[in-house]
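Next come the chains, spelled out residue by residue.
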Amino acid sequence: MNSFTLDIKGQLNSMRLCETKALWPLYEAVVNSIQAIEDSNNRDNGEIWIIVKRERIGQYYLNGEEKLERIESFTIMDNGIGMNTDNYKSFNTAYSTLKIQKGCKGIGRFLWLKAFKEVLIKSRYEENGRWY
């Protein structure tokens, strides 16, 4: 099997993320959560939590309306299947075809890197009767 190297910085430089699509990376992460639930035993009782953290809370304009500060971070949690071996391998493969039948192109994580300074993934999953 032939292997090749992908220049991640070059890939990110070639991608455009215009202001009108600023929440596209968040949408991609939520879609990942939906698919993780679809692939899990929680299909009928799946849950997704989205926490939006702003820089400061409690700022008000003189007219009493609350001023919305810049978004600092998003936290997305779900009770889906988790980052098992197949999902982790797919995550580390540019243009992965693991979820092509669901319309995925394998580039969502590049949007995360384009939009966010940092991405942290924590996962608990069961595989072969063991929890990781």
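Sequence order sets the numbering: in each chain, residues are counted from 1 along the sequence as written. Owing to the predicted nature of the model, reporting of local features is limited to residues with pLDDT of at least 70; listing and counting of side-chain atom pairs is limited to 80 or more, with chain, interface and lining totals taken over all residues. Just so you know, side-chain values use all the structure's heavy atoms and leave hydrogens and water out.

Assigned secondary structure in the chain consists of four helices and four strands. For the purposes of this entry, the term helix denotes a DSSP run of H or I that reaches at least four residues, the term strand denotes a run of E that reaches at least two, and both are numbered from the N terminus. Starting at the N terminus and ending at the C terminus, the chain contains elements arranged as α-α-β-β-α-α-β-β. Scaling as 2.2 N^0.38, a compact globule of 132 residues should have a C-alpha radius of gyration of about 14 Å, whereas the chain reaches 18 Å, well beyond that. With respect to the principal axes defined by its C-alpha atoms, the chain has extents near 65 × 40 × 25 Å. Each radius of gyration reported is based on C-alpha atoms, and the globular scaling rule is 2.2 Å times the count of residues to the power 0.38.

In predicted models, pLDDT denotes the confidence assigned by the predictor to each residue on a 0 to 100 scale. With 96% of its residues at a pLDDT of 70 or more, the chain has an overall mean of 87. The element-level mean pLDDT for the chain is lowest in helix α1 (residues 8-14), coming to 80, with strand β4 (residues 130-131) highest at 94.

Turning our attention to the pattern of salt bridges. Two side chains that carry opposite charge are able to pair once their charged atoms sit near each other. One speaks of a salt bridge when a side-chain nitrogen belonging to Lys or Arg is within 4 Å of a carboxyl oxygen belonging to Asp or Glu. The tally for this structure, following the rule as stated, stands at four salt bridges. A salt bridge links Glu-38 to Lys-102; its shortest N-O distance comes to 3.3 Å. Of this pair, Glu-38 sits in helix α2 (residues 24-38) while Lys-102 sits in the loop between α3 (85-91) and α4 (108-115), and the two are 64 residues apart along the sequence. Note on Lys-102: relative accessible area 31%, which makes it partly exposed. The salt bridge partner of Arg-70 is Glu-55, with a shortest N-O separation of 3.0 Å. With Arg-70 in the loop between β1 (48-54) and β2 (71-78) and Glu-55 in the loop between β1 and β2, the pair connects residues that are 15 residues apart, well separated along the chain. Each residue's exposure class comes from its accessible area (1.4 Å probe, protein chains only) as a fraction of the maximum for that residue type: buried when under 20%, exposed when over 50%, partly exposed otherwise.

Stacked, tilted and edge-to-face pairs are distinguished by plane angle, under 30 degrees for stacked and over 60 for edge-to-face with tilted covering the rest, among Phe, Tyr and Trp rings (Trp via its six-membered ring) whose centres lie within 6.5 Å. Per the counting criterion, the structure on display carries four aromatic pairs. Remark: a charge is flagged as sitting over a ring if the NZ atom of Lys or the CZ atom of Arg is within 6 Å of the ring centre and within 35 degrees of the ring normal. Stacked on the ring of Trp-24, the Lys or Arg Lys-21 has its end atom at 5.2 Å from the ring centre. For Arg-109, the ring lying beneath its charged end belongs to Phe-91, and the centroid distance is 5.5 Å.

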